[in-house]
Amino acid sequence: MSQATRSGTNGPGGACAHTPADSHVHVRVGAARTRARGDQSLGSGPPLPPGTSVSVIEIADNGPGIKPDEAPHVFDRFYRATPFGDPAEPASRAGREPGSGLGLAIASAIAAAHGGRLELDNRPGAGCTFRLLLPDSNHVPKDDTDEAHHDPAHT
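The structure displayed is predicted, hence computed values, not measured ones.

Cut-off values and rules
Counting restarts for each chain, with residues numbered from 1 along the sequence as it is written. Selection of residues for local features in this predicted model requires a pLDDT of at least 70, selection of side-chain atom pairs for listing and counting requires 80 or more, and totals for whole chains, interfaces and linings are taken over all residues. Think of the side-chain values as coming from all heavy atoms in the structure, minus any hydrogens and water. Only DSSP runs of H or I covering at least 4 residues are called helices, and only runs of E covering at least 2 are called strands; the numbering of each starts at the N terminus. We define the nonpolar core as a collection of buried residues of types Ala, Val, Leu, Ile, Met, Phe, Trp, Tyr and Cys that are connected through side-chain atoms lying within 4.5 Å of one another. Throughout, exposure labels follow a simple rule: accessible area from a 1.4 Å probe, protein chains only, divided by the maximum for the residue type, with under 20% read as buried, over 50% as exposed, and the rest as partly exposed. Strands qualify as paired when DSSP identifies two bridges or more between them.

> I'm lost on the environment of Pro72 in this one. Help?
Within the secondary structure, Pro72 sits in the loop between strand S3 (53-61) and helix H2 (103-113). In sequence terms Pro72 and Leu42 are 30 residues apart; their C-alpha atoms lie 6.4 Å from each other.

This is how it looks when you write it as C-alpha cells:
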C-alpha cells in the first residue's frame, strides 16, 4: 500500500473507531481548487496557495467533536483528544479509548511528503470533518533529490 493511500485510508478507520456507534461517518472524494481560507481552519503544515488543483478526501461525522482547546493538538504525535462533552482529561482516559495518538500524525506527515496537508473542521457537539488535500502532481514542489531520480542522464 502506498503512503498516500495509507494517509487516505487512516481517516475512515479512525473515524469509525472514535465516533459513537449511533453516529454517522461520511466519506467524500473529489477534486477542487484551494481557496483562501479566512476562517483559519486547523491543519497540518502551511495552507496550500489559493487556486492549487488538489485531490480531496473528506471524512465527516456527526459525533461529539473535539474539545476546542484540544483540537489544535490532534496532529501532534501521541496526542489523544477528548471527545467534546467527555469530562475526562486525556491522561485519565488511557485504556478507555482506542488508538495510540499516532494515526493523524502519520497521515499528516505522509500528506506533507506529497506536498499536501490535513485539515480539521471541528464542530463541538456536532462532529468533525477531516480533509486530506493532495496537490496535482504538476504542483508538487520537487527537491534536488527528487529531480535527480527522474533525470535519465543521472546515474
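> What is the right way to read the nonpolar core from this model?
One recurring pattern in soluble globular proteins is that nonpolar side chains are buried together. Among the nonpolar cores identified, the biggest contains eleven residues, and these are Ile66, Ala71, Val74, Phe75, Ala107, Ala111, Leu118, Leu120, Cys128, Phe130 and Leu132. Sorting the residues of this core by element identifies H2, strand S4 (117-123) and strand S5 (127-135) as the ones contributing at least two each. The element contributing the most residues to this core is S5, with three residues.

> It is not clear to me how the pairing of S5 should be interpreted in this structure. Could you clarify?
Regular strands place side chains that alternate from one sheet face to the opposite one. Most of S5 sits inside the fold, with eight of its nine residues counted as buried. Here seven bridges tie S3 to S5, and the two strands are oriented antiparallel to one another. Looking at S5, one finds that Val54 is bridged to Pro135. Bridge analysis of S4 against S5 gives seven bridges, and the strand direction is antiparallel. Looking at the pairing, Arg123 lines up with Gly127 of S5. Between S4 and S5, which pair antiparallel one after the other, the connecting turn spans three residues, and Gly125 there sits at a positive phi close to 90°.

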